Amino acid sequence: MDGVLIIALFVGWMLDALWGDPECVPHPVVYFGKLISRGEALLNKGTHRMLKGALMAVTLIAGTYLFFYVLIQLLDSLSFGVSLLVQAALIFFGLAGKTLRKEVYDVFMALERSLDEGRRQVARIVGRDTMKLSENEVRKAALETLAENLSDGVVAPLFWLLILGVPGMMAYKMVNTLDSMIAYHSPRYLFFGRWAARIDDVANYIPARLTSFLMLLAVGRIDLIPFVLRFGKKHASPNSGYPEAALAGILDCRFGGPHDYFGEVFYKPYIGTNERILTLRDARCAVSINRRVEVISVLLVALSLLLM
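What you see is a predicted model; the values in this text were computed from it and never measured.

Asker: With reference to specific residues and values, describe a nonpolar patch on the surface.
Answerer: A grouping of Tyr205, Ile206, Leu210, Phe213, Leu217 and Ile222 is seen on the molecular surface, where their side chains present a nonpolar patch of about 510 Å² in accessible area. Checked against the element boundaries, Ile222 lands in the loop between α8 (194-219) and α9 (225-232).

Asker: Explain the nonpolar core residue by residue, including any values.
Answerer: Taken as a class, soluble globular proteins show a tendency for nonpolar side chains to be buried jointly. In this structure, Ile91, Leu143, Leu161, Leu178 and Leu247 are the most contacted members of the largest nonpolar core, which totals 81 residues. Element by element, the count of residues in this core is highest for helix α7 (residues 135-182), at 21 residues. If we skip the residues at most four places from it in the chain, Leu143 touches Val104, Phe108, Leu247, Leu251, Phe255, Leu278, Asp282, Ala283 and Ala286.

Asker: Describe empty space enclosed by the protein, and please don't skip the residues or the numbers.
Answerer: Tallied over the entire structure, the rule returns 1 cavity of 30 Å³ or more. Considered as a void within the structure, the largest cavity measures approximately 30 Å³ in volume. At the level of secondary structure, the elements contributing two or more residues to the lining of the largest cavity comprise α7 and α11 (280-307). Of the residues in the lining of the largest cavity, the class split is 7 nonpolar, 1 polar and no charged.

Asker: Just give me the short version of the packing of helix α5 (residues 97-113) against helix α6 (residues 115-122), but keep the residues and values in it.
Answerer: Packing of α5 against α6 leaves a shortest axis separation of 6 Å and a crossing angle of 165°. Relative to α6, α5 is oriented roughly antiparallel. Seen from above, α5 lies across α6 with right-handed handedness. Facing α5, whose interface residues are Glu103, Asp106, Val107, Ala110, Leu111 and Arg113, α6 presents Leu115, Glu117, Gly118, Gln121 and Val122. By residue class, the composition of the contact of α5 with α6 is 5 nonpolar, 2 polar and 4 charged.

Rules behind the numbers
Residues numbered from 1 in each chain as written. Predicted model: local features only at pLDDT ≥ 70, side-chain atom pairs only at ≥ 80, totals over all residues. Heavy atoms only, no water. Patch = residues over 30% accessible without salt bridge, like charges linked within 9 Å, V, L, I, M, F, W, Y side chains within 5 Å. Areas by Shrake-Rupley, 256 points an atom, 1.4 Å probe, with all protein chains shown as cover. Salt bridge = Lys/Arg side-chain N within 4 Å of Asp/Glu carboxyl O. Helix = DSSP H or I, 4+ residues; strand = E, 2+ residues; numbered from the N terminus. Core = buried A, V, L, I, M, F, W, Y, C linked by side-chain atoms within 4.5 Å. Buried < 20%, exposed > 50% of the residue type's maximum accessible area, 1.4 Å probe, protein only. Contact = heavy atoms within 4.5 Å. 1 Å grid on protein atoms, 1.4 Å probe; cavity = no way out; pocket = protein on both sides within 12 Å on 5 of 7 lines; lining within 4 Å. Points joined across faces, edges and corners; volume = space filled by probe spheres on them. Nonpolar A, V, L, I, M, F, W, Y, C, P; charged D, E, K, R; others polar. Axes fitted to C-alpha atoms, helices over the stretch in contact; angles between N-to-C directions. Parallel < 35°, antiparallel > 145°, perpendicular 65-115°, else oblique. Left-handed = near helix turned anticlockwise from the far one by under 90°.

See the structure below:
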């Protein structure tokens, strides 16, 4: 029922805006992670690892969708109020807007105190070795993460909520969790996590590009579309480069360059052209863009559901 879903959307969104990810409340993604860890330990060995990884990924994603679909259908038949509350709670868990903004802003505030503190703070949100980063590299890492995860943590979940309802949103969270846990170019995961990585690429293809457009729309810089199209495709990921390019264009800065992943250096293509020093003002601007895109996205989803 779209009426229930619209109300649940606004309730869940407001809960995320107020609380973020509460550490004291069990999060579905934690249980997703436990399922993935158990499956990986059981299957990621011996021969046919790519096939085993594909079967695990597809089973967990389809199983997640089916579980929440049956749950919501059952609740709809029993109680309007309970169904509304459960869907609102799941939407709350599916969004990561406030927590992301807070973590990124905390990086910049930590740098105001010391470089070491900034490095430790940014290590909470990136997967690279941060102990050798300069002050500006810490700032770049934080803003790159903010742009990329605006898609993963806000726009993409809302996109799949619109397409497939709350079960689709939860299935997307499973896709995203699989990608973050087993989609690595390492000997252990190179074959086993390949399908998880490809599914994540497909699931984020439209949301990533939509995110970049909404970022430009939020600040009235549609003229930067050619810039985003030029630099968005330079990223190693088929999706992450687009929101990063949008933010680089808006801030007139440059992302990318050499990254140290625990002893191994990877050279990420540069996104943008102006290699300048980033400031706290840039963080405030980026956080403001993030917040505006979230509001626009929620309103667009609600309007689309209403028109349906």
